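# Structure assessment
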Amino acid sequence: MSLTGGVGVSPTPPDAPDRHVPQAAGKPAPAARQPPVDDHQRPGRQLSLFGVEATEPAPGDLAGLLAGPGEVGRMGGTARVSIVVDAAWRVHVLVAELARRGLTASWIGRVAEQHGVRTSYSTRLAPLAAAWLRGTTKRPPPGFFLTGPRLRLWVAAAGQPEPSGFLLRLGAADESCWEPVGAALAAVGLPAVLLDAGTGGPAYRISGRRRLGRLAELVGERPPAAPPEQWPGGAA
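Let us look at the structure shown here.

Reading the values: the criteria
Residues numbered from 1 in each chain as written. Predicted model: local features only at pLDDT ≥ 70, side-chain atom pairs only at ≥ 80, totals over all residues. Heavy atoms only, no water. Axes fitted to C-alpha atoms, helices over the stretch in contact; angles between N-to-C directions. Helix = DSSP H or I, 4+ residues; strand = E, 2+ residues; numbered from the N terminus. Parallel < 35°, antiparallel > 145°, perpendicular 65-115°, else oblique. Contact = heavy atoms within 4.5 Å. Nonpolar A, V, L, I, M, F, W, Y, C, P; charged D, E, K, R; others polar. Salt bridge = Lys/Arg side-chain N within 4 Å of Asp/Glu carboxyl O. Buried < 20%, exposed > 50% of the residue type's maximum accessible area, 1.4 Å probe, protein only. Phe/Tyr/Trp six-rings, centres within 6.5 Å; stacked < 30°, edge-to-face > 60°. Lys NZ or Arg CZ within 6 Å of the ring centre and 35° of its normal. Pairing = 2+ DSSP bridges. Arc of directions from axis to C-beta.

### Let's talk about the packing of helix α2 (residues 88-100) against helix α4 (residues 148-158)
The description of two helices packed together rests on the angle between their axes and the distance between the axes. It is the contact of α2 with α4, at a shortest axis distance of 8 Å, that shows an interaxial angle of 155°. Here α2 lies roughly antiparallel to α4, going by the angle between them. Mapping the contact onto sequence places W89, R90, V93, L94 and E97 in α2 and R152, L153, V155, A156, A157 and A158 in α4. Across the contact of α2 with α4, the residue classes tally to 8 nonpolar, no polar and 3 charged.

Shown next, in the form of structure tokens:
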């Protein structure tokens, strides 16, 4: 599915089950801002230095989409990030997350069970494009690292549970990105197995109770639009 094709931009997000965020005036409702939770209110839970509570949402968090199958393009001094997702609930979550970062987004109607989400061109995304693009080729910048907010966006766009763990899908044409992205996962305590197309990829598989718990800790609470069984720790 191409985000530059002839499919029209939908006036409202695609339909989703009743548990999705309610809509008003043709626009998806923004994600509810949850008050900070004192760690003392959650026995046994420690605040991660890389988790979603550690930093405010920022445009640079969209590096998490680029670590997966997201794309970035430049126009003059602006840039835009786009991604194709496989479920309506992902559209709702991403549009709300982008709004939290001061970015407007549009979505493209369903084509073969796929939906496209893309930001408007913005100067706020120009540094991201400058860091990730070598000409027109996407590649993580030197020293690339992952944080909770970046992982949250990656999970929302391309995360998928499976019986043996949790998959984080990669861009099929982004082979030069896979190794540095895998190293960034390992650096935050999420060493993962790279799956190629023949084994259900390209994707990284995170497995093991401790690592899956670490992933759930980093990405934070399940968004209201996400089905519990699709979110790390959401069905626990």
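### Structural notes on the pattern of salt bridges
Per the counting criterion, the structure on display carries 8 salt bridges. Residues R101 and D61 are paired through a salt bridge, measuring 3.0 Å at the closest nitrogen-oxygen approach. In this pair, R101 is assigned in the loop between α2 and β5 (105-111) and D61 in the loop between β2 (27-28) and α1 (63-67), connecting sequence segments 40 residues apart. Here R101 matches D61 in class, with each residue buried. Taking the shortest distance from any N to any O, the salt bridge between R90 and D86 comes out at 2.7 Å. Each of D61, E97, R100, R101 and R152 takes part in salt bridges that share partners, so that together they form one network.

### Quick word on α4
The element α4 is largely enclosed, with a buried count of 11 among its 11 residues. Those residues of α4 not exposed but buried are G148, P149, R150, L151, R152, L153, W154, V155, A156, A157 and A158.

### Digging into the packing of aromatic side chains
What the rule picks out here adds up to 1 aromatic pair. With a centroid separation of 5.2 Å and 80° between ring planes, the pair formed by W132 and F144 is classed as edge-to-face. Of this pair, W132 sits in helix α3 (residues 126-132) while F144 sits in the loop between β8 (137-138) and α4, and the two are 12 residues apart along the sequence. When sorted by exposure, W132 lands in the same class as F144, which is buried. Sitting over the face of the ring of F145, R150 holds its NZ or CZ atom 4.5 Å from the ring centroid.

### Considering the side chain of S122
Along the chain, S122 turns up in the loop between β6 (114-119) and α3. Leave out the neighbours within four places in its chain, and S122 touches T78, A79 and L103.

### Overview of the sheet that holds strand β11 (residues 193-195)
Each strand in a sheet pairs with its neighbour through backbone hydrogen bonds, running either in the same direction (parallel) or in the opposite one (antiparallel). Strands sit in the order β9-β10-β12-β11 across an open sheet of 4 strands; the sheet is antiparallel. Edge positions in the open sheet fall to β9 (159-162) and β11, since each of these has one partner strand only. When the angles between neighbouring strand axes are averaged without regard to direction, this sheet yields 30°. Looking at chain direction, strand β10 (residues 165-169) and strand β12 (residues 203-206) are connected through 4 bridges and run antiparallel. Counted as the bridge partner of R169 is A203 from β12.

### Looking at helix α6 (residues 209-219)
Helical periodicity: at 3.6 residues per turn, an α-helix aligns residues three or four positions apart in one direction. Taken together, the buried positions of α6 are occupied by L215, A216, L218 and V219. Projection of α6 onto a plane perpendicular to its axis shows the buried side chains occupying an angular sector of 165°, all on one side. For α6, exposure combined with an orientation more than 90 degrees from the buried face picks out R209 and R210. The elements touched by buried residues of α6 are α4, β10 and β12. Of the residues flanking the end of α6, it is G220, one or two places downstream, whose phi is positive at about 85°.

Taken by themselves, the reported measurements are silent on function.
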